[in-house]
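Structural characterization, general
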Amino acid sequence: MSKAAELAALIGSQTAQGNRNLIINGAMQVAQRGTSSTGLHTSGNYTTDRFSLVFGNEDELRVTMTQNSVTDLPGFANSLKVQTTTAESAIAADESYYIINRYEGQDFQQLKYGTSNALSTTLSFYVKSSVTGTFAVAIYQTDGNDIIGSTYTINSANTWEKKEITFAGNTLAAIVDDNTNAIMIDWFLAAGSNFTSVNNTSWGGYETGKLAFGHGTNAVATTTNATWEITGVQWELGEQATPFEHRSFGDELARCQRYYQKSYNYSVAPGTNTQDGATYNVTQATSSYPSAGYSHFKVEMRAAPTITSYDYGGTSGKMNAGGSAVTPVIQDPAQRGFGNYVSNTSVGVNSSVAIHYEADAEL
Amino acid sequence: MNITSAKYQANLEGENTCIIVVVDGVTMFVPLDPANTNYAEIQRQVAAGTLTIADAD
C-alpha cells in the first residue's frame, strides 16, 4: 500500500481524527467532589466526575470509591476504584450493583440511531480487579427504551487488562436531540438472577432480565476488600478500538463542569471552612431594598442546576451576610448562574455578603 | 433521594423560583426545571403521594 493509500485508509478509519472519544473523563482525571468516598451504600455518589455508583437492594454491602493513583499502567495516572469494605453475604435475585455513565442525546446524533444506517460503536477500557471472571456491560437507550449488552472476562487478578467490545447500531429508535438523558453505559459488579436471564446481545426492547445478561461473578460485592478499577474508557464510532484519546485536564474539567461545578478551588471539597472562591457582594446603602448578588457559572450547565449553598464555615443551606450565617433566597437558578438575595433589614447596609455553592445538573 | 422536607421559595416578585429540600441532612435549592433530575424526582414523589411541598413563606 502506498503512503497516500495508507493515509487515506487511516483517515477513513477515523483513527487519525480528534474528538473520537464520546466519553467524558474517561481517564478519570477529574474528581471535583473529592477523591474518596467511604461507607457508600446508596446510589448517586461520585468521586471521579460523570461516573457514579448504583446500588440495588443490597443489605450489608458498603464500599469505598476513590480516584486512585495509577502507577502500573503507562499512559494513565488515575482510575476509578471501588473496594468492598463490608461484603454482601449473598446476591439475591433482585440485587444489583454497577457503575453508570450517562449522556445527553444531543451529543450522540452522529450515531444515526433509529435509521437503517445506524453506526456500530466500540467501547474500550482498561480494567483491573482482585476478582477474575465474567462481567456484564450494558448500553441502555432511554429514547425508545432499548438495550444491548455484552460481557468481558478478567483473566488475571490484580492486572490491568484492556477490553474491547463492539456494539451494533440501534436501528429501532432515534436518539432525541436534546439535553436529557439518552444513553447510559453500565458496568456491572454484581447482578442477581432477575437481571441476567434474557439475552441482550442485539438491540431490543428493555427488559429487567436483559440488564446484566451473562454476568458471571458477584465476588466483587461478596468479598471483603475485593477491588475493581477502571480507566481509559473510550467509546467511538466504528468496529475497531483505537488508542485512547487523551485530553488535557482543563479540557476534561470544562466538559465535566457542564454537569457539576462548585465555587471552591478544584482541590477543595465543598463544605470546607474557607473563603477562597466564594462569590462576594456588598449590601445596598439603604435598608429599603434587599441586596442581590449573582454567581456566574464557569461553563454553561446542561440544565438549571440544583444549588447547594454554604457559608464560610461549610454549613449547607446558608451564606454569609454581615458576619453572620443566614439562609439565602436563591433566585432563579439557571444554566448560566443564579441570584441570591438577603434582606438589608436583617443584615445591615454596606455589609459584606458571600456565598459558596455546588451546582449539580447531572443526568 | 431521601427527601425529609420540601418547601417552595419565592423570588422578589413573589413567584416560586425553586424548592428548598433537605436530603440526608443537606439543604438544596432545586429549580423548577423538568430537565433537572432532582426536580423530576420530586415530581415523581409528589405524584406518588409520598412527598408534599409546603408553600413559600
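Throughout what follows, the structure given in this document is the object of discussion. Given the structure is predicted, the values throughout are model-derived calculations rather than measurements. (Residues numbered from 1 in each chain as written. Chains lettered and ligands numbered in written order. Predicted model: local features only at pLDDT ≥ 70, side-chain atom pairs only at ≥ 80, totals over all residues. Heavy atoms only, no water.)

Looking only at helices and strands, chain B has one helix and three strands in total. Secondary structure elements in chain B, listed N-terminal to C-terminal, are β-β-β-α. Taking the principal axes of the C-alpha coordinates as reference, chain B spans close to 30 × 25 × 20 Å. Looking at chain B residue by residue over its 57 residues, the buried ones come to 47%. Taking as baseline every contact in chain B between residues at least 6 positions apart, the subset at least 24 positions apart corresponds to 27%. Per element, the accessible surface of chain B, about 3,000 Å² overall, is 48% carbon and sulfur. (Helix = DSSP H or I, 4+ residues; strand = E, 2+ residues; numbered from the N terminus. Buried < 20%, exposed > 50% of the residue type's maximum accessible area, 1.4 Å probe, protein only. Contact = heavy atoms within 4.5 Å. Areas by Shrake-Rupley, 256 points an atom, 1.4 Å probe, with all protein chains shown as cover.)

Here the focus is the sheet that holds strand β5 (residues 96-104) of chain A. All names here are of chain A. Read from one edge to the other, the open sheet built from six strands follows the order β2-β5-β10-β7-β8-β11, with strand pairing classed as antiparallel. Both edges of this open sheet fall to β2 (51-56) and β11 (204-205), since each of them pairs with a single strand only. Bridge count between strand β8 (residues 146-154) and β11: two bridges; the pairing is antiparallel. Across the sheet, residue Ile147 finds its bridge partner in β11, namely Gly204. (Pairing = 2+ DSSP bridges.)

Residues and elements named next belong to chain A. As for its placement among the helices and strands, Thr134 is situated in strand β7 (residues 133-141). Between the C-alpha atom of Thr134 and that of Val70, which follows or precedes it by 64 residues, the distance is 23 Å. Residues contacting Thr134, with those up to four places away along its chain left out, are Thr151, Tyr152, Thr153, Gly214, His215, Gly216 and Thr217.

Attention shifts here to the sheet that holds strand β20 (residues 337-342) of chain A. Residues and elements named next belong to chain A. Spatial ordering of the open sheet is given by β15-β20-β19, a layout of three strands whose pairing is antiparallel. Each end of this open sheet is capped by a strand with a single partner; those strands are β15 (291-296) and β19 (329-331). Strand after strand, the sheet turns through a mean of 30 degrees between neighbouring axes, direction not considered. The sheet contact formed by β19 and β20 spans three bridges and is antiparallel. Residue pairing for β20: Val329 is matched across the bridge by Tyr341. (Axes fitted to C-alpha atoms, helices over the stretch in contact; angles between N-to-C directions.)

Right, let's get into the nonpolar core. One broad trend across soluble globular proteins is that nonpolar side chains are buried collectively. Counting residues in hydrophobic clusters, the biggest one holds 54 residues, and the most contacted among them are Tyr97(A), Phe125(A), Tyr152(A), Trp187(A), Trp228(A) and Trp235(A). Once residues within four sequence positions are removed from consideration, Phe125(A) is found in contact with Val137(A), Tyr152(A), Glu161(A), Lys162(A), Lys163(A), Ile165(A), Trp187(A), Ile230(A), Thr231(A), Gly232(A) and Val233(A). (Core = buried A, V, L, I, M, F, W, Y, C linked by side-chain atoms within 4.5 Å.)

Moving on, we come to helix α3 (residues 249-257) of chain A. All names here are of chain A. Here α3 has its buried residues at Glu252, Leu253, Cys256 and Gln257. An end-on view of α3 places all buried positions within 135 degrees of arc, on one side of the element. Looking at the buried positions of α3, the neighbouring elements they touch are β13 (260-262). (Arc of directions from axis to C-beta.)

Here the focus is the pattern of salt bridges. Evaluation of the coordinates by the stated rule reveals 15 salt bridges over all chains. Among the ionic pairs, Lys162(A) bridges to Glu164(A), the shortest N-O distance being 4.0 Å. Classification of Lys162(A) as partly exposed rests on a relative accessible area of 33%. For Asp57(B), the salt bridge is made with Lys7(B), and the minimal N-O distance between the two is 2.6 Å. Of this pair, Asp57(B) sits in the segment after α1 (37-47) while Lys7(B) sits in strand β1 (residues 3-10); the two residues are 50 residues apart in sequence, bridging distant segments of the chain. Assessed through its relative accessible area of 29%, Lys7(B) is described here as partly exposed. Each of Arg33(A), Asp49(A), Arg50(A) and Glu362(A) takes part in one network of salt bridges that share partners. (Salt bridge = Lys/Arg side-chain N within 4 Å of Asp/Glu carboxyl O.)

With that out of the way, let us pick up the pairing of strand β16 (residues 306-310) of chain A. Residues and elements named next belong to chain A. Of all five residues in β16, five are buried; the element is thus mostly enclosed. Here β16 shows a buried face lined by Thr306, Thr308 and Tyr310 and a second buried face lined by Ile307 and Ser309. Bridge count for β16 against strand β21 (residues 352-360) is five bridges, and the pairing is antiparallel. Its bridge partner lying in β21, Thr306 is registered against Asp360.

Residue and element names in this part refer to chain A. Taken together, the three bridges between strand β1 (residues 36-40) and strand β3 (residues 62-69) define a ladder with antiparallel strand orientation. Its bridge partner being in β3, Ser37 is matched across the sheet by Met65. The sheet contact formed by β3 and strand β4 (residues 78-86) spans eight bridges and is antiparallel. Counterpart to Val63 in the pairing with β4 is Thr84.

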